[in-house]
Amino acid sequence: MLRMLLAGMLAANRLRLALTVACIALGVALAGAVHSIHSSALAEIDRAAHMLSGTADLEIRGPRGGFDERVFLEVARRPEVAAANPIVDVDAALADASAHVRVLGIDPLRAVRLQPAFVADEGRTGGSDAARLMDLRHVWLSPAAATRLRLREGGKLRLVAGTATVELTVAGVLPRMDTVGDLALIDIAEAQAAFGRLGLLSRIDVRLRPGVDARRARSDIASILPRGVLASEAASTGPRAEAISRAYRVNLDALALVALATGAFLAFSTLALHAARRRQELALLRALGLTRRGLAALLALEGALLGAAGSVAGTVLGVFAARTLLKRIGPDLGAGYFSDAAPFEPNMLALAAIAAIGVGMCAAAAWWIARALQRMDIAEGLRDRSADLPRSSAPAVPIAIALFLLGFPLLLMPPAGELPLGGYGAIGAWLLAAVIAVGPLARALLARGERVESPLAFLALSQVRQLPGHLAASVAGIVVSAALCAAMAIMVFSFRVSLEDWLAGVVSADLYVRSGGGGESGFLTLEEQRRVAALPEIAAIEPLRYERLALAGQAAPLSLVARPVSARILRGFHPRPAEMPADSNDVHVWISEAARDLEGWRAGERVTLPIAGKDVRVRVAGVIRDYARTWGAVILPLDDYRRLTGDTRAHDLAVHLARGVDAKAAEDAIRRALPGAQGLVFEESGELRRRSLEIFDRSFAVTYALEAAAIAIGLAGVTSSFAALAWSRRREFGVLRFLGMRRRDVLRMLVLEGAATGTLGALIGLVAGAAISVVLVQVVNRQSFHWTLEMHWPVGTLAALLAAIVALCAFGARASGALAVRAEAVSAVKDDA
Amino acid sequence: MLQVRGLAKRFEPATPLLESVDLDVAAGEWVAVVGESGSGKSTLLHLVAGLDRPDRGEVRLDGRALDFRDDDALALWRRSHVGFVFQAFHLLPYLSVADNVALPLALLGASRADRARRAAAALEAVGLALAAPRLPGSLSGGEMQRAAIARALVHAPRLVLADEPTGNLDAGNAATVLECLRDAVKRAGAAAVMVTHSPFAAARADRVLRLSAGMLQAA
């Protein structure tokens, strides 16, 4: 009998079921694709890190500029160390400023013991290729680097070193390094000499003797390292990348799951309508002896089948989409966390969990309907007076209010593992409150409809005010997707305006100069800086130097920005407190909001920073905004940096032009002043700001796509509900035709119903979205990325969103009702129609 | 008031349903049409109402012929001149009883006050004044049919058409409804045609005609 009942359901409802399965599938596919792309990227990073680490157990890392190479001897001599490999790791810019490539300088004879893949062929270790690896001016490329740079054996690789260029000859390609991304290997001495790292190392890979306790060894080795140099487990790049990108990935996953939830509302609507239309049949089953539990099981099974079909289809679709996207555009979904190509490597457990969520949501929808039907009066159901589900006995308004109030304590929760779970909880509670409030709000907002004169409007508003349960579920889908879109639109707009304002303050010079288009191999010496500053075309320069400070216990190092600091410069960073500190013997620094949150530092506090291998006590003068990084950053006055480190180099120059001088003239003058500098890159501040905003817009492209999908699913849901409702109202339309309404009057009435429904859903959604946007900006964003943003309201965009939803609902209602209205009035009112 | 001449309709080529039906109904006269199931009673009603197009023939109300080619014109004509009572009542479930009754007036553009006043009067006439604010789902079958009768007559139509108005009612309710319908029709002075297969219902009419072999004859 179960099979017969289920088969009946499937046969009677094919189109609508197909649409529901499609929407569930789309939601599952989106969530699955986003997660698969990220898991593939992380797997690739981890694989590359392990490949590069080879058989190493530990790795020792220091600041970006390197640490004293004497550390290597101290580590290598320790009794617990079996082998140690010194490495210089430089992100070098190509001479044509088009890109950069990671260059590893290694000692090949040591490296072969830890990273055999670094040598072309183990069988030829003692042969000519290993010798060529030790040749100065020779470089070995990974397969990915060779492909991207279009180089093969004998080709020339030109890299920026300072303001000069170093030319290397490609000795060959290392086939076993096919999973490490873009990589170039040279002799360590060559790397040190070429990139100004004489006496410095970036990393030491260590293999311990068999039987040595790795944790104990790490602790012992760490105790002899200079400040700012840390020992960690090998291949720590993977966990670091995972930690840095976690907030971004979780936020994107949450967005995709909201799209899935919107599809679940469609499933609820379909199941609810179907149950409503089968009230008499289900009442008969109850009269014949089916228990409440049996009825609930039947409906739950229907829901689970729907969810399973959608989830299976969605998983397949998501896998296909992820594979295709990885091949076509790579793993970077816009935020710039993952740049290297990655083979498809989904997390099957996560995909199964997403599919289970899809099934679970449908089963939950079915359970909710079953609860309503369990309250059905059997006698009433047999008479089949109503075409809707029994109303819930629980009062909607108090529940909605309770959920709304529940959101506030959730907002006060601190982050858990740097994830704003309390913020997500508040968003979920407020969304649920908005959904539950749809029915009561429909009645309250449309109560004025009783005073409407137009009969069509009166009928339309009366229908929507009563809002059948299944239509309410579809409107709830509109509410959720509209709220999501509105919240993201407000948040992104607030972010963009805040970013624009910040860029205007931070990128305040006229022209920016750097050696090399990216990476860290380019720099300008003090002499070069002075020559530029002395030019008549130049009013002033601000040298900028970047460094990384590794702090124990932190997944990501702090960024150190050494630069001139003044009240004018600081203003652009929105410091708190805003005033410059009084003159004192202290070294003052300004920390970013991320550093404040991650390190727990406060303005006025004295903290210790590992600079140039020493512990340096500094005073935190203030907290600044830094939208360029989600990890911590510290601004240190350039004079103090140079005094502490003796390093007078600069990565960038921020140039203020003399009055009446344009950027082109300044650029020409600088090039003349630095004739040996090949690879200088000039960028006007306007172009730099524009490019930054472009990157910002691109990073949200995936977000916009997910929002569009959620809206499409929501609209598909409401259109589908309209179609089903219109079809079930054929008799009513026939009666209205009997009473003298024309076909086009009926269609106009449907348009008004669609517009009223769309307006209802969009208005509730916009209000909910506005509240959620405040949570996103003030809680989620702050706890995830540690950024303070001002609220800005994109009134035009929100109005356009409202208008679009209303128009699409009106159009959808008309289109979906056209078939029902087309039926002849006579046949429509027949008892057996 | 109502004149039908030579009305013919067939749905299948070999089987004509109505051959050549003639019918005259005076103002305030209540005519019952009886016949076997499938004899074409409802079809006759639908043709008279302009809801279907005859193969041949003419329908006139107050001397004016219906133009079966113009669907919109027929709808507007029905709106002003015709009241319907259905077997299955067909009250809109999301409107109150009063709003259901007032629906024809709303379609005619009557003001809200006028609609309320006349709907109240119509409900009073059928004994449902207290049911005005309730939803149809809370009424019994007999009550719903009386509300449908009120809706059919609220706008003072010239023609009332009832299709098996007691088909879904028990004997007691049927009698009440028929009494109600008769009073309303007489009060309104409308021409009324009722199709039924119930001899009990037919006996209440002023005149009974039998539809057989596509032709109307006195019963």
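Quick caveat: nothing in here was measured; it's all calculated off a predicted structure.

The rules behind these values
Residues numbered from 1 in each chain as written. Chains lettered and ligands numbered in written order. Predicted model: local features only at pLDDT ≥ 70, side-chain atom pairs only at ≥ 80, totals over all residues. Heavy atoms only, no water. Phe/Tyr/Trp six-rings, centres within 6.5 Å; stacked < 30°, edge-to-face > 60°. Helix = DSSP H or I, 4+ residues; strand = E, 2+ residues; numbered from the N terminus. Buried < 20%, exposed > 50% of the residue type's maximum accessible area, 1.4 Å probe, protein only. Lys NZ or Arg CZ within 6 Å of the ring centre and 35° of its normal. Axes fitted to C-alpha atoms, helices over the stretch in contact; angles between N-to-C directions. Parallel < 35°, antiparallel > 145°, perpendicular 65-115°, else oblique. Left-handed = near helix turned anticlockwise from the far one by under 90°. Contact = heavy atoms within 4.5 Å. Nonpolar A, V, L, I, M, F, W, Y, C, P; charged D, E, K, R; others polar. Pairing = 2+ DSSP bridges.

Attention now moves to the packing of aromatic side chains. Enumeration over the complete set of coordinates arrives at 15 aromatic pairs over all chains. Relative to phenylalanine 408 of chain A, the ring of phenylalanine 404 of chain A has its centre 5.3 Å away and its plane inclined at 85 degrees; by these criteria the two rings are edge-to-face. One end of the pair, phenylalanine 404 of chain A, and the other, phenylalanine 408 of chain A, are both in helix H14 (residues 396–411), four residues apart, so they sit about a helical turn from each other. A relative accessible area of 37% places phenylalanine 408 of chain A in the partly exposed class. Plain terms: the ring middles of phenylalanine 738 of chain A and phenylalanine 86 of chain B are 4.8 Å apart, the flat faces sit at 70 degrees to each other, and that makes the pair edge-to-face. Here phenylalanine 86 of chain B lies in the loop between strand S6 (82–85) and helix H3 (97–107) and phenylalanine 738 of chain A lies in helix H26 (residues 730–738), a pairing that spans two chains. On the basis of relative accessibility, which here comes to 1%, the residue phenylalanine 738 of chain A falls in the buried class. Among the aromatic side chains, those forming a connected cluster through ring pairs are Phe495, Trp502, Phe573, Tyr627, Phe696, Phe700, Phe785 and Trp787 of chain A. Sitting above the plane of the phenylalanine 523 of chain A ring, arginine 649 of chain A keeps its charged end 4.8 Å from the centroid.

The next subject is unusual backbone geometry. Residue and element names in this part refer to chain A. Omega for the peptide link from arginine 576 to proline 577 comes to -5 degrees, which places this bond in the cis form. Relative to the helices and strands, proline 577 resides in the loop between helix H20 (567–571) and strand S15 (588–592). Phi at histidine 574 is positive, roughly 50 degrees, even though this residue is not glycine. Tracing the chain through its elements places histidine 574 in the loop between H20 and S15.

Moving on: the packing of helix H17 (residues 455–466) of chain A against helix H27 (residues 743–785) of chain A. Residue and element names in this part refer to chain A. Where H17 meets H27, the closest approach of the two axes is 8 Å, and the angle between their N-to-C directions is 45 degrees. Looking at the two axes, H17 sits oblique to H27. Classified by chirality, the crossing of H27 by H17 is right-handed. Along the contact surface, H17 presents Leu456, Ala457, Leu459, Ala460, Leu461, Gln463 and Val464, while H27 presents Asp745, Arg748, Met749, Leu752, Glu753, Ala756, Thr757 and Leu760. Classifying every residue of the contact of H17 with H27 gives 10 nonpolar, two polar and three charged.

In this section: the pairing of strand S14 (residues 558–563) of chain A. Two faces make up the sheet, and in a regular strand the side chains alternate between them. Residues and elements named next belong to chain A. Judged by how many residues are buried, S14 sits mostly within the fold: six of six residues are covered. Because side chains alternate across S14, one face comprises the buried residues Leu558, Leu560 and Ala562, and the other comprises Ser559, Val561 and Arg563, equally buried. With five bridges connecting them, strand S13 (residues 538–549) and S14 associate as antiparallel partners. What sits directly across from leucine 549, in S14, is leucine 558. Pairing of S14 with strand S18 (residues 633–637) involves five bridges; the strand directions are parallel. Its bridge partner being in S18, alanine 562 is matched across the sheet by leucine 636.

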